[in-house]
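Structural description and commentary
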Amino acid sequence: MKRVWSDRLADSVGQRAEIAGWLHQQRRLAHVSFVLVRDGRGIIQVVVEDAGQRTDLATWLPETVLRVEGEVAAVPQAPGGVELHHARFTRLVSPEGSLPFELRRPQLEIQLPTLLDHAALSWRHPHQRAFARIAAAAVSGFRSALDERGFVEIQTPKLVASATEGGANVFPVDYFGRTAFLAQSPQFYKQTMVGVFERIYETAPVFRAEPHDTARHLAEYFSLDAEMGFISDHRDVMALLRDALAAIFESVAERESEAVKLLNLCLPEVLEEIPSIHFQEAQELIERETGEPALGEPDLSPVHERFLSQWARREFGSELLFVVGFPMVKRPFYTHPDPERPEFSNSFDLLFRGLEVVTGGQRLHLYQDYLKALEGQDPTPFQGYLLAFKYGMPPHGGFAIGLERLVARLAEVANVRQVALFPRDLNRLEP
């Protein structure tokens, strides 16, 4: 008999079917037991009335791997609206002991370190794995949006010869006796491939040696990157990002409605034009409204990001806000300056529910501008990168979405590690 997944079991009502999964929970009443079996897509309820079978199943530990064959009946109050009757159980694998915490609880009420230390087990919990399903749907929506707009998906090296963003936040590795680095971003390769396809994107991990032990930083995270050519300025990139985000949230709603319901997510409305505020105006607003010093700082603090998000919600009814025109001193060397205010850049951050989740902007595209931007640095590590601009590159720009931050804000959890699969941070390299 062919195995049936939990989310397809309703198609077999009135027939016998076989399911497989893990023993999630048993509820024993006086004359009947309800056995909940969890597979990769949901939970199935199995009704057991035979006294001998109930006695035997009572000795099976949670997370026992099993197969069950039974008659499928429509029962509205059962998980998924169906359950199995007159079932036969086959035990495949028995756990080697009791669980360190109970997966049958509606939520895992354990401390974050315990959750992460036991990630191989904690991700089995329906509430936890819903985060991963939301992330997968977000990536699917991102891909679909860019595919529809003529973008080409690329795969770029994660071992590179130089630091993309500059600075010391890189992981050096021994590369056959030479020093290489884990890529901080695919930025150089994205821009190079604009000269080939004009529109490209990548979904891949990036690595930042962030010396921060905070709720928002990871040393390895998943980045959704896009780059496009023949733009007028950074506003074209912002318009593309708006459409990509709308597609991401739509994909989450359509593909993972059960996960959305389980996590009680409130998906944001993406306005036709996401509101924006210039960096300097944002600083003036912060000082005027809060009395806190902000002017002259090269970046926004987490507190100020939260304030601006609350302001955007009040003023525009938007949970998304662009902050544009960051100071050039804070942006990487390849960032295009604002032609009218060259101390500021044609760049942006996107704030979502109080947290920066996207960075992007217009890039330099003239070869001579790159030579000037790199004055005082050894140009040798950048020769391959500069080659693309030496032989003609159109005006272009792009963005990078931090997937874990986006999912964390969607789920409104306090720490980005809670939604990251096997997170890597300042102190954690296992599991």
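In the block above lies the structure referred to throughout.
Since this is a predicted model, take the numbers as computed values, not measurements.

1. Details of helix α9 (residues 302-316)
The terminal C-alpha atoms of α9 lie 21 Å apart, and with 15 residues this matches the ideal 21 Å at 1.5 Å per residue to within 8%. Along α9, the residues classified as buried are His304, Glu305, Phe307, Leu308, Ser309, Trp311 and Ala312. Once α9 ends, the next one or two residues include Gly317, with phi positive near 65 degrees.

2. Topic: the pairing of strand β11 (residues 220-229)
Residues in a regular strand point their side chains to alternate faces of the sheet. Most of β11 sits out of view: seven of its ten residues are buried. Alignment of strand β10 (residues 199-207) against β11, held across nine bridges, turns out to be antiparallel. Counted as the bridge partner of Ala204 is Ser223 from β11. Of the pairings in the sheet, the one linking β11 to strand β16 (residues 396-402) comprises seven bridges and is antiparallel in character. Residue pairing in the sheet places Glu227 in a bridge with Gly398 of β16.

3. Some remarks on the sheet that holds strand β8 (residues 172-175)
With antiparallel pairing, three strands are arranged side by side in an open sheet as β7-β9-β8. Both edges of this open sheet fall to β7 (159-160) and β8, since each of them pairs with a single strand only. In the sheet, β7 pairs with strand β9 (residues 178-182) via two bridges, with the strands oriented antiparallel. Directly across from Leu159, in β9, lies its bridge partner Leu182.

Cut-off values and rules
- Residues numbered from 1 in each chain as written.
- Predicted model: local features only at pLDDT ≥ 70, side-chain atom pairs only at ≥ 80, totals over all residues.
- Heavy atoms only, no water.
- Helix = DSSP H or I, 4+ residues; strand = E, 2+ residues; numbered from the N terminus.
- Expected span 1.5 Å × (residues − 1).
- Buried < 20%, exposed > 50% of the residue type's maximum accessible area, 1.4 Å probe, protein only.
- Pairing = 2+ DSSP bridges.

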